[in-house]
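These are the residues of each chain, in order.
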Amino acid sequence: MKKLFVLTAVILGLGACSSAEKKPMNETNDKATTTEAQSNDKEESADSENKEMSASKSSCTLDKDTRVIEVTKTESGGCELFYTKFGEAKSVASSGFGTQYCEEVKDRIESNLKKAGFSCE
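Residues numbered from 1 in each chain as written. Predicted model: local features only at pLDDT ≥ 70, side-chain atom pairs only at ≥ 80, totals over all residues. Heavy atoms only, no water.

1. A few points about the pairing of strand E4 (residues 88–95)
- Pairing analysis gives seven bridges linking strand E3 (residues 79–85) to E4, with the strands arranged antiparallel. The residue bridging Tyr 83 from the neighbouring strand is Lys 90, located in E4. (Pairing = 2+ DSSP bridges. Helix = DSSP H or I, 4+ residues; strand = E, 2+ residues; numbered from the N terminus.)

2. Focus: the packing of aromatic side chains
- Applying the stated rule across the entire model yields zero aromatic pairs.
- One Lys or Arg, Arg 67, reaches over the ring of Phe 86 and ends 5.3 Å from the middle of that ring. (Phe/Tyr/Trp six-rings, centres within 6.5 Å; stacked < 30°, edge-to-face > 60°. Lys NZ or Arg CZ within 6 Å of the ring centre and 35° of its normal.)

3. Some thoughts on the sheet that holds strand E2 (residues 65–73)
- Ordered by their spatial adjacency, five strands build an open sheet running E4-E3-E2-E1-E5, and the pairing between neighbours is antiparallel. The strands lining the two open edges of the sheet, one partner per strand, are E4 and strand E5 (119–120).
- Where strand E1 (residues 54–62) lies against E5, two bridges are found, and the strand directions are antiparallel. Note that in E5 the partner of Cys 60 across the bridge is Cys 120.

4. Observations regarding the environment of Cys 120
- Looking at the secondary structure, you find Cys 120 in strand E5.
- Along the chain, Cys 120 and Arg 67 lie 53 residues apart, while their C-alpha atoms are 8.9 Å from each other.
- Among residues more than four places away in sequence, those in contact with Cys 120 are Ser 59, Cys 60, Glu 110 and Lys 114. (Contact = heavy atoms within 4.5 Å.)

5. Considering the pattern of salt bridges
- What the rule picks out here adds up to four salt bridges.
- Across the pair Asp 65 and Arg 67 runs a salt bridge, and its minimum N-O distance is 2.7 Å. No difference in accessibility class separates Asp 65 from Arg 67, as the two residues are buried.
- Here Glu 110 and Lys 114 are joined by a salt bridge, their closest N and O atoms 3.6 Å apart. Here Glu 110 pairs with Lys 114, and both are found in helix H3 (residues 100–115), just four residues apart, close to one helical turn.
- Through salt bridges that share partners, Lys 106, Asp 107, Glu 110 and Lys 114 make up one connected network. (Salt bridge = Lys/Arg side-chain N within 4 Å of Asp/Glu carboxyl O. Buried < 20%, exposed > 50% of the residue type's maximum accessible area, 1.4 Å probe, protein only.)

Put into structure tokens, the structure is as follows:
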């Protein structure tokens, strides 16, 4: 009886070690590339929508360094604040209701830039 139990355990153990069929690498890469392209399309679309829904924008310059602070309205009625430094825009604040918070943060950043010697328009 012991031998039967051990033999059954060994057979079941070997069956559990089998693996699923693997996909070729290029299929995975194609899916990743497609997903990445779709993501880029969404970002470009979101960027163009944000530009259309701009609430306010300031440009601050010191020598050849230009910083852009832009408040955009969101579809949900809130806002998002983008700060562009060295050509790279980053979202630094957002609100789900109105633009007041984003405007306050924008004013604070603009004030700090002016203290650092920037000229803002």
